[in-house]
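# Breakdown of the fold
This is what each chain is made of:
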Amino acid sequence: MATYDPFRDFDRFASSLLDARRGPRRMPMDLYRDGDHYVLTADMPGIDPGSVDIDVDGQLLTIRAERSLTTGEGVKWITREREAVSFLRQLNLGQGIDTERITADYSNGVLSVTIPVSEKAKPRKIEVRSDAGAQTITAQETRDEPQPIEQ
């Protein structure tokens with residue numbers, strides 16, 4: 001049996017009136033690099049996976065999601081602290097991202113977006129070539145005053 005607490009209800013009411021965040025809310029997220037890709041994880045509890053919308057426009061990644069609350073006909077609410085809300089997060093991906101291969105997965109209230117690094121942006125070794133006929137200059141370090149070495 002629930003007990004009625006007028007102060008809790010007043011606090012919730014005052015918070016809702018004073019809450020300036022009436023638009024889409026920002027979802028908490030983590031972003032890290034794992035090898036050749038970035039991984040973004042965002043908490044979105046209670047979200048219907050069908051409401052999640054992820055799009056890329058140029059280098060801008062946008063994540064939108066909606067949490068709607070169902071109300072049955074003839075339902076009398078005792079308390080209702082959860083609210084319908086929309087989430088929005090935008091990230092500038094910068095250069096070096098393969099936007100064609102971004103993937104996403106939603107499981108247990110957590111959205112995971114895998115953002116691969118493009119082949120052009122991956123670290124690579126550059127081979128240094130030399131002409132066989134070119135002169136090679138060598139140097140030798142001494143503890144005294146440096147002396148040039150003749151070839």
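Remember, predicted model here, so these are calculated numbers, not experimental data.

Looking now at the environment of D53. Relative to the elements of secondary structure, D53 occurs in strand β3 (residues 53-57). We classify D53 as partly exposed; its relative accessible area is 36%. Taking C-alpha positions, D53 is 9.2 Å from E66, a pair spaced 13 residues apart along the chain. Dropping the residues within four chain positions of it, D53 is found in contact with T62, I63 and R64.

Pairing is antiparallel across the open sheet formed by 3 strands, whose spatial order is β3-β4-β5. Both outer strands of the open sheet, β3 and β5 (85-92), are each paired with one neighbouring strand and no more. Each strand axis lies, on average, 15° off the axis of its neighbour in the sheet, ignoring direction. Bridge analysis of strand β4 (residues 60-67) against β5 gives 8 bridges, and the strand direction is antiparallel. Each residue of the ladder has a partner; that of L60, found in β5, is N92.

Conventions used here
- Residues numbered from 1 in each chain as written.
- Predicted model: local features only at pLDDT ≥ 70, side-chain atom pairs only at ≥ 80, totals over all residues.
- Heavy atoms only, no water.
- Helix = DSSP H or I, 4+ residues; strand = E, 2+ residues; numbered from the N terminus.
- Buried < 20%, exposed > 50% of the residue type's maximum accessible area, 1.4 Å probe, protein only.
- Contact = heavy atoms within 4.5 Å.
- Pairing = 2+ DSSP bridges.
- Axes fitted to C-alpha atoms, helices over the stretch in contact; angles between N-to-C directions.

Read these as geometric descriptors, not functional statements.
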